[in-house]
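These are the residues of each chain, in order.
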Amino acid sequence: MSELADLLVSLTFYGTAYGMVLYLLAVGLSVTLGLMRFVNLAHGVFAMAGGYLTVTAMSRLGVPFLAAVIAAVVIVGLAGMVLERTLCRRLYAAPILEQVLFSIGLMFVSVAIARYLFGPLAQPIALPEWLTGRLDVGIGVFPTYRVFLVGVGALLSVAIWAGIERTTFGASVRAAVDNRRMAESVGIDVNTVFTVCFGLGTALAALGGSLGADLLPIYPGYPNDYLVYFLIVVAVAGVGNVRGALAVALAFGIVDTVIRYFLPDAGRILIFLVVMAVLFRNPHGFAPKIHA
Amino acid sequence: MTSPRVLDGLVIAGLAVLPFVAPGYLDLGTRIVILILCAMSLDLLVGYCGLVTLGHAAFFGVGAYAAGIFALRASAEPLAGLLAGGAAAAIAGVLSGAVLLRSRRLTLIMLSLATVLLLQEIANKLGWLTGGADGLQGIAIGPVAGLFAFDLFGRVSYVYAATVLALAFLVFRSLVDSPFGHSLVGIRENEGRMRAIGTPVDARLGTAFVIAAAMAGVAGALQAQVAEFVALNALSVEFSSEILIMLILGGAGRRYGAFLGVPLYVVMQDYLAREDPANWYLWIGLLLLGIVFLAPGGLVAWIGAVTRRVRASRA
Amino acid sequence: MTLEVRAVSKQFGSLEVIRDVTMQLEEGARCALIGPNGAGKTTLINLICGRLAPTRGEIRLAGRNVTAMAEAARVKAGVGRTFQVTSLFRRLTVEENIALAVAERGGFAGRLWPERSVRARVDDRVTQILETLRLRDEGRRRVELLPYGIQRMVELAIALALEPTILLLDEPAAGVPAAEVGVIFDAINRLPASMAILLIEHDIDVVFRFARRVVVLVSGEILVEGTPAEIRDHAQVRSLYLGDLSRAESRDRG
């Protein structure tokens, strides 16, 4: 009996680590969708870019892991802001079809560039010394890397919550989500709010991509293959629902891990059916008002 | 503005005339015809209902597999196989529509992706039925209606596929010109207002969804019969994206978008596959970005704008 | 009784926007709903036509409990409304806008094939409605290119095309230039006598000329109901509308 308990605890833990990565990947998308109503299916491109930058910095320039991740996150965040100012902004009022085509085009171009620069295979990532090995966290002994993911994810979710609920900027974001025109007339520079949020969203994606590189390998198919997973998190939580995104990401990570362990053949089929059943009951996800 | 009647007639005439004008290109022609049928069915959803979906390959694939399995296990007669493919896809449309159509925008897109991936997984796992990753092979198709056997030159294939497309086009234009079609456009333009005038929005969209699914299923069935093979990637997100791109190249919601976009895409793909195969995604990506910012209505809109300008300068 | 609202309340989270509202509209009613901004007038309309579900209470149409009925079904049951913020099919022409409503009303909007005779009937009815609102010349123009006043008239045209038994008008002439206000209220005054009309309006002149009964909604509750004269003389209402009422009075006397 205690073996089963150990197994479930273990699966829950691994699921949580996976869920944390998904949360980082999804939360930026949820905010930009809730804020700008901009459907950006190319969100995975920023995660992939973060992963590639980290790996390149480490292997070609000898930069240590954390520094490489931070550098990648900053670079992708800035690039995201530039993209928003130049291209994305022009599509906020455009029909959803054009936004989708834009993101598909962006994905195609990025995938082509990635394949050209790095080849089609997954990038091996050499985790630093202090992340290899195992750690005793009370309820069990797990790979240090996974513990690190859970820890960073938890910290970031608190930071994001604090950022949205406790800072002036966060208040501006909430105001702009609620009622853009009112926010503008109160003097909030909504355009800058959009740009910064977009940049933060892409930076978080890059963080998820870099930190999660050992879990979700970095290769040119990344934006396509993992798209559906962070879309699931955003859709089930409800667009713009940041707190919900954490809960859904963790739930998804755990359920997916458990299903894959006990029913490896039916894995993907079952998880999609579960998601469809959930959305059948709650088409707008668990967020009260905001629509995708 | 040239009346749709005349243009519709030209489309059908064009289909009929091809074997005489370009007899060496019948295989290519058949392939284009099948893809036009698929893209036209997607137009009903994307162009007229305003529902952006990346899951249309699901219906094409279900139709293809259904027709292939039907030929292998029931009857090699192609018309019966078309019916099987269309019916199977329609059922898939009813089931997936029940889930998908309760949402819009991102959630709808995500569910459409999940549908294709789900079906791809099922097809992969049920190897004994579908051939798994190797695809469904060994399909032998009998003569159409017991009379017209497929020949080596692809003539019968082309006439068969083109006739199906022509009939489907007549159905499509009838739908689009009908009160039902007009109400779909209303739903696309302002769903809330449609509810406020008493439209049963869910039922209308559901009907359109099933019709589009059935049509895509027929296209898939044609593909299975003409190629006598079904590849697993008929059920792929990549193929869904391709059909969408073909459609918007021509222009969504503009009646002839599929007829212009598909040949253009296929010709471009053939050309680039020869000249610069490694960079296909790069060029297509740039093309998409170009369309979004420079020509959002696709070829049909562009031609319309040019003709208007020419007329204006002549007046 | 054509419309009954029984003890309807609506809460959004902890905020109660409509509190225990009870009112009726009889056949041929000419009722005005007035109240300060934010009183909940549009919310009440949304509750009646089914866009919102009440937290408590009942809505009845011709005696039938329709509280659980969806918006589209209630429209089929005879409820028509206009929107305070114009909600039209902007990229379609005026004729196409009205035709959609005519087709729904006629019950053939779901037909999967085009029919010339149906087309002709729709076109005739659309022309009729355009004539009523003097919009004949604008018929072929796209709504997004039209001035706001004309758009408000198209808003009304769509509601009329539904031939409702109950018509809910949410500030039909708000933001409309003086010339067109006359046309709008002309059309409203020529509506069938059997139609029950609830009019949300801020212009007190209009209220007194149109309404046989006035309901005053303040902070989600009905303050008072009565004839226009009774409302005008009501102390609390006077203090709410002090300026407007005094002007109306002096005009009457002078």
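Calculation notes
Residues numbered from 1 in each chain as written. Chains lettered and ligands numbered in written order. Predicted model: local features only at pLDDT ≥ 70, side-chain atom pairs only at ≥ 80, totals over all residues. Helix = DSSP H or I, 4+ residues; strand = E, 2+ residues; numbered from the N terminus. Rg over C-alpha atoms; globule rule 2.2 N^0.38 Å. Buried ≥ 20, exposed ≤ 12 C-beta atoms within 10 Å, placed from the backbone. Pairing = 2+ DSSP bridges. Axes fitted to C-alpha atoms, helices over the stretch in contact; angles between N-to-C directions. Contact = placed C-beta atoms within 7 Å. Nonpolar A, V, L, I, M, F, W, Y, C, P; charged D, E, K, R; others polar. pLDDT = per-residue confidence, 0-100. Core = buried A, V, L, I, M, F, W, Y, C linked by C-beta atoms within 7 Å.

### Some thoughts on the overall build of chain A
In terms of regular secondary structure, chain A is built from twelve helices and two strands. Going from N to C terminus, chain A has its helices and strands arranged as α-α-α-α-β-β-α-α-α-α-α-α-α-α. At 19 Å, chain A has a C-alpha radius of gyration in line with the 19 Å of a compact globule built from 292 residues. On the principal axes, the C-alpha backbone points of chain A span a range of 60 × 50 × 35 Å. In chain A, which comprises 292 residues, the share counted as buried stands at 51%.

### Observations concerning the pairing of strand β10 (residues 221-226) of chain C
Residues and elements named next belong to chain C. With five bridges connecting them, strand β9 (residues 213-218) and β10 associate as antiparallel partners. Among the inter-strand pairings, V216 is bridged to a residue of β10, identified as V224. Here β9 hands over to β10 after two residues, with S219 in that stretch at a positive phi of 50 degrees.

### Observations concerning the sheet that holds strand β7 (residues 166-170) of chain C
Residue and element names in this part refer to chain C. Strand order in the open sheet formed by six strands is β6-β7-β8-β3-β9-β10, with mixed pairing between adjacent strands. The outermost strands of the open sheet, each flanked by one partner alone, are β6 (79-81) and β10. The average angle at which neighbouring strand axes cross in this sheet is 20 degrees, direction not considered. Inspection of the sheet shows strand β3 (residues 30-34) paired to strand β8 (residues 196-200) by four bridges, in the parallel sense. Bridge pairing links R30 to I197 in β8. Here helix α1 (residues 41-49) sits on the sheet in contact with β3, β6, β7, β8 and β9, set at roughly 150 degrees to β7.

### Quick look at the interface of chain B and chain A
Note on interface size: it is often stated as the accessible area lost on association of the parts. Between chain B and chain A, the contact holds 33 residues from the first and 31 residues from the second. A total of twelve residues in the side of chain B that touches chain A trace back to one element, the largest contributor, which is helix α5 (residues 105-125) of chain B. Classifying every residue of the side of chain B that touches chain A by side-chain character gives 23 nonpolar, five polar and five charged.

### Looking at the interface of chain C and chain B
Facing 24 residues of chain C, the contacting portion of chain B comprises 21 residues. For the side of chain C that touches chain B, the elements supplying multiple residues, two or more each, are α2 (71-76) and α3 (94-106) of chain C. Along the lines of polarity and charge, the residues of the side of chain C that touches chain B split into 16 nonpolar, two polar and six charged.

### Examining the confidence of the model for chain B
Of all residues in chain B, 99% have pLDDT values of 70 or greater, and the mean over the chain is 92. With pTM at 0.92, the complex prediction returns an ipTM value of 0.92.

### Some details on the nonpolar core
Side chains that are nonpolar tend, in soluble globular proteins, to be buried together. By size, the foremost hydrophobic cluster in this structure holds 296 residues, and its most contacted members are A:V233 and A:V234. Counting residues per element, this core draws most heavily on helix α10 (residues 201-227) of chain B, at 18 residues. With residues up to four places along the chain from it excluded, the contact list for A:V233 reads A:L22, A:A26, A:A245, A:V248, A:A249 and A:F252.

### Comments concerning helix α10 (residues 227-237) of chain A
The buried fraction of α10(A) is high, at eleven of eleven residues. Inspection of α10(A) places A:L227, A:V228, A:Y229, A:F230, A:L231, A:I232, A:V233, A:V234, A:A235, A:V236 and A:A237 among the buried residues, and these make up the whole buried set. Against the buried residues of α10(A) lie α1 (2-36), α2 (43-61), α9 (222-225), α11 (242-262) and α12 (267-281) of chain A together with α5 of chain B. Within two residues after α10(A), A:G238 carries a phi angle of roughly 100 degrees, on the positive side.

### Focus: unusual backbone geometry
Residues other than glycine seldom take positive phi values, yet A:R37 does so here, at roughly 50 degrees. Here A:R37 is to be found in the loop between α1 and α2. Of note, C:E163 is a non-glycine position whose phi angle comes to about 45 degrees, a positive value.

### A word on the sheet that holds strand β5 (residues 64-65) of chain C
Hydrogen bonds between backbone groups are what pair the strands of a sheet, and the pairing can be parallel or antiparallel. Residues and elements named next belong to chain C. Spatially, β2-β1-β4-β5 is the arrangement adopted by the four strands of the open sheet, whose pairing is antiparallel. Two strands lie at the open edges of the sheet, namely β2 (15-25) and β5, each paired on one side alone. Sheet topology note: the strand β1 (residues 3-12)/strand β4 (residues 56-61) ladder contains five bridges and is antiparallel. Of the residues in β4, the one forming a bridge with V5 is I59.

### What to know about the environment of C:N97
Residues and elements named next belong to chain C. Looking at where N97 falls in the secondary structure, it is placed in helix α3. Judged by the 28 C-beta atoms lying within 10 Å of it, N97 falls in the buried class. Along the backbone, N97 and V143 are 46 residues apart, and their C-alpha atoms lie at a distance of 8.4 Å. In this structure, N97 is in contact with L88, F89, L92, V143, V154 and I158, ignoring residues within four places of it in sequence.

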